[in-house]
Amino acid sequence: MLDFIKQKIVAAYETMAVRYNELIEHKPHNAYYDRPNTLALLPESVNGMSILDAACGPGKYAEILLSRGANVTGFDLSPTMVQLAKERNPERGQFFLHDFSQPLEMFDNESFDVVLCALALHYIPNWEPTIREFCRVLKPNGHLVISIEHPFFEYTYFNSQKYFEVEHVTCTWKGFGRPVEVNSYRRSLHDCIAPLTGNGFYIDQLVEPKPVPEFEALDPKHFKELNNFPAFLCIRAVKR
Ligand SMILES: C[S@@+](CC[C@H](N)C(=O)[O-])C[C@H]1O[C@@H](n2cnc3c(N)ncnc32)[C@H](O)[C@@H]1O
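The numbering scheme is per chain: residues are counted from 1 as the chain's sequence reads. Owing to the predicted nature of the model, reporting of local features is limited to residues with pLDDT of at least 70; listing and counting of side-chain atom pairs is limited to 80 or more, with chain, interface and lining totals taken over all residues. Heavy atoms throughout the structure, all of them, feed into the side-chain values; hydrogens and water do not.

K.L.:
I tried to follow the site of the ligand on my own but got confused; where do I start?
P.N.:
Whether a residue is near a molecule or strand depends on its heavy atoms: it is near if one of them lies within 4 Å of it. Neighbouring the ligand are 20 residues, the closest being A55, D76, D99, F100 and A118. Whenever a nitrogen or oxygen atom comes within 3.5 Å of another N or O atom, the pair is scored as a polar contact, on the condition that within protein one atom can donate a hydrogen and the other can accept it, and that pairs from neighbouring residues in sequence are kept only if both atoms are in side chains. Note that a nitrogen atom of the ligand is positioned 3.2 Å from one of the backbone N or O atoms of L77. The contact in question runs from a nitrogen atom of the ligand to an N or O atom on the side chain of D99, over 2.9 Å. Burial of the ligand by the surrounding chains reaches 98%, relative to a free accessible area of 600 Å². Think of it this way: any DSSP run of H or I at least four residues long counts as a helix, any run of E at least two long counts as a strand, and we number them from the N terminus. Looking at which element gives the most residues to the shell around the ligand, the answer is helix α1 (residues 4–23), with 3 residues. Residue classes in the shell around the ligand are distributed as 15 nonpolar, 3 polar and 2 charged. Note on areas: Shrake-Rupley with a 1.4 Å probe; residue coverage comes only from the protein chains shown. In the scheme used here, Gly and all other residues not listed as nonpolar or charged are polar, with Ala, Val, Leu, Ile, Met, Phe, Trp, Tyr, Cys and Pro taken as nonpolar and Asp, Glu, Lys and Arg as charged.

K.L.:
Is there a simple way to explain the side chain of E149 in this structure?
P.N.:
Here E149 lies in strand β5 (residues 138–149). Each residue gets one of three labels from its accessible area relative to the maximum for its type: buried under 20%, exposed over 50%, partly exposed in between, using a 1.4 Å probe on protein chains only. When charges are counted, Lys and Arg contribute as positive and Asp and Glu as negative, whereas His and the chain ends are disregarded. Salt bridge criterion: a side-chain nitrogen from Lys or Arg within 4 Å of a carboxyl oxygen from Asp or Glu. Among buried charged residues, E149 stands out as having no salt bridge; its nearest opposite-charge side chain is R186, 9.0 Å away.

K.L.:
I keep staring at the pattern of salt bridges and nothing clicks. Help me out?
P.N.:
Close approach of charged atoms lets side chains of opposite charge pair. One pass over the structure, following the stated rule, counts 13 salt bridges. Notably, a salt bridge pairs R136 with E133, separated by 2.9 Å at the nearest N-O pair. With R136 and E133 both in helix α5 (residues 128–137), this residue pair falls 3 residues apart, about one helical turn. A single network of salt bridges, built from pairs that share partners, joins E25, K60, E63 and R88.

K.L.:
Honestly, helix α2 (residues 28–39) in this entry has me stumped. Any pointers?
P.N.:
Spacing of three or four residues puts side chains on the same side of an α-helix, whose turn is 3.6 residues. A helix is expected to reach a length of 1.5 Å times the quantity of its residues less one. End to end, α2 covers 15 Å across 12 residues, agreeing with the expected 16 Å (1.5 Å per residue, within 8%). Of all 12 residues in α2, 10 are buried; the element is thus mostly enclosed. Listed in full, the buried residues belonging to α2 are P28, N30, A31, Y32, Y33, D34, R35, N37, T38 and L39.

K.L.:
Can you help me understand the side chain of D113 in this one?
P.N.:
For D113, the position within the fold is in strand β4 (residues 112–118). Of the polar contacts made by the side chain of D113, one reaches the side chain of K139; its length is 3.2 Å.

K.L.:
I'm lost on the environment of E63 in this one. Help?
P.N.:
Mapped onto the elements of the fold, E63 is located in helix α3 (residues 60–67). In this structure, the C-alpha to C-alpha distance between E63 and E154, residues 91 residues apart in sequence, is 29 Å. Not counting residues up to four positions away in its chain, the partners in contact with E63 are E25, R88, N89 and R92. Here R88 takes part through its side chain, which lies 3.0 Å from a polar atom of the side chain of E63. The contact criterion used is simple: two residues touch if any of their non-hydrogen atoms lie within 4.5 Å.

K.L.:
How do you make sense of the nonpolar core when you look at a structure like this?
P.N.:
Note on soluble globular proteins: their nonpolar side chains tend to be buried together. Judged by nonpolar contacts, the single largest core of 44 residues is most densely connected at F100, L121, F134, L144 and I146. Sort the elements by how many residues they give to this core and α1 lands first, with 7 residues. Ignoring any residue separated from it by four or fewer positions in sequence, one finds L121 in contact with F100, W127, T130, I131, I146, I148 and R187. The criterion is simple. A nonpolar core is a set of buried Ala, Val, Leu, Ile, Met, Phe, Trp, Tyr and Cys residues joined through side-chain atoms within 4.5 Å. Counting residues in each nonpolar core, the second largest holds 21 residues, with L39, L66, V72 and V145 among its members.

K.L.:
So what exactly am I meant to see when it comes to the state of the cysteines here?
P.N.:
In a disulfide, the sulfur atoms of two cysteines are covalently bonded to one another. The definition used for a disulfide is geometric: two cysteine sulfur atoms within 2.5 Å. With the rule as written, the count across this model stands at 0 disulfides. Summary of cysteine pairing: C171 is not part of a disulfide, and the nearest cysteine sulfur, belonging to C192, is at 16 Å. As a non-bridged cysteine, C234 has C117 as the owner of its nearest cysteine sulfur, 12 Å distant. Assessed through its relative accessible area of 0%, C234 is described here as buried.

Honestly, it's all geometry; don't read function into it.
Shown next as structure tokens:
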């Protein structure tokens, strides 16, 4: 049984999924900000590697990683996203419905070389059990690569007065069809890092990304803003 906020998160992504999938190729924040900076944290060659794409969305990351020779398994909380990931990657990869706040009991210990989790961890209030599971399913020295909303950006964007608390926040997304209310959880920088370092990882790379040049022509206003202040944070954590 999903809690009330989680039901709202699923409903939002179910509403947006088809349009999200249509736009994912060139949507500036995804294509020219998140993806290039997050992909840069993956091993130089992923050929032959086993990669878990946690919260895979419509499978764009999976498509790129499959084209580079990786074996990709992806899951998502939104049934439509899972279906779109399968359609984008027919007969390649494996995609299924799963909530990453629940144990990854379908996977043995040390199953994956890399766990990727792009732009999704802010949808759960407590990262600890999820990060522990990511650690368990990774091979020794395996990489967990995540991108998240930058805690300093969120603190300002949500006009928070409680930096140290994990806060439930909402905002309205207008970029994927009709406006949709999106629920998530903002937290401090400490609360982004401590679940990693306290559950079997060390931080190998922490990147406050800048948009790549292609962003500018599509959205000059945000290109300028993101060159002055980061909206995302990309982290590579390595299993100790
Ligand atoms: C911003 S999208 C990112 C999708 C994909 N990682 C990408 O970057 O293209 C966030 C995704 O997280 C998924 N999601 C949200 N909460 C989740 C949860 N508890 N378990 C698994 N997936 C979740 C949503 O359904 C959505 O597809």
